[in-house]
Amino acid sequence: MTQTELDPSWTITGHPNGGYLAAVVAEVAGEALEGARPLTMSAHYLAAARGGGPADVETDVVRRGRLSTARV
């Protein structure tokens, strides 16, 4: 599990912007895959995120290789 700091300036009426959250997730995925940059990603938002500050991000590396896969 990784802890990251969410920037409160990327909120809309107190909710973090979805594109900003996707960028944070892509960065954490790249770190988990030893610097490999994500080629594609899919995001599903079950509810509006709230607040800013520290956030716990859980990463599961499913496959490593030429095309690695991770769930974040």
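Structure shown above.
Bear in mind that the values here come from a model prediction, so they are computed numbers and not experimental data.

1. Quick look at the pattern of salt bridges
Consideration 1: If you walk through the whole model with that rule in mind, you get 2 salt bridges.
Consideration 2: In this structure, Arg64 and Glu34 form a salt bridge, with 3.6 Å as the shortest nitrogen-oxygen distance. Remark: Glu34 occurs in the loop between α1 (18-32) and β4 (53-57) and Arg64 occurs in the loop between β5 (60-63) and β6 (69-71); sequence separation between them is 30 residues.
Consideration 3: The exposure class assigned to Arg64 is partly exposed, which follows from its relative accessible area of 49%.
Consideration 4: Note on Glu34: relative accessible area 67%, which makes it exposed.
Consideration 5: Note that Arg71 and Asp60 form a salt bridge whose closest N and O atoms lie 2.8 Å from each other. With Arg71 in strand β6 and Asp60 in strand β5, the pair connects residues that are 11 residues apart, well separated along the chain.
Consideration 6: Judged by its relative accessible area of 54%, Arg71 is exposed.

2. Description of the nonpolar core
Consideration 1: If you look at the biggest cluster of nonpolar residues, it comprises 5 residues: Leu6, Tyr20, Leu21, Val24 and Ala55.
Consideration 2: A total of 3 residues in this core trace back to one element, the largest contributor, which is α1.
Consideration 3: Ignoring anything within four residues of it in the chain, the contact list for Val24 reads Thr4 and Leu6.

About the criteria used
Residues numbered from 1 in each chain as written. Predicted model: local features only at pLDDT ≥ 70, side-chain atom pairs only at ≥ 80, totals over all residues. Heavy atoms only, no water. Salt bridge = Lys/Arg side-chain N within 4 Å of Asp/Glu carboxyl O. Helix = DSSP H or I, 4+ residues; strand = E, 2+ residues; numbered from the N terminus. Buried < 20%, exposed > 50% of the residue type's maximum accessible area, 1.4 Å probe, protein only. Core = buried A, V, L, I, M, F, W, Y, C linked by side-chain atoms within 4.5 Å. Contact = heavy atoms within 4.5 Å.

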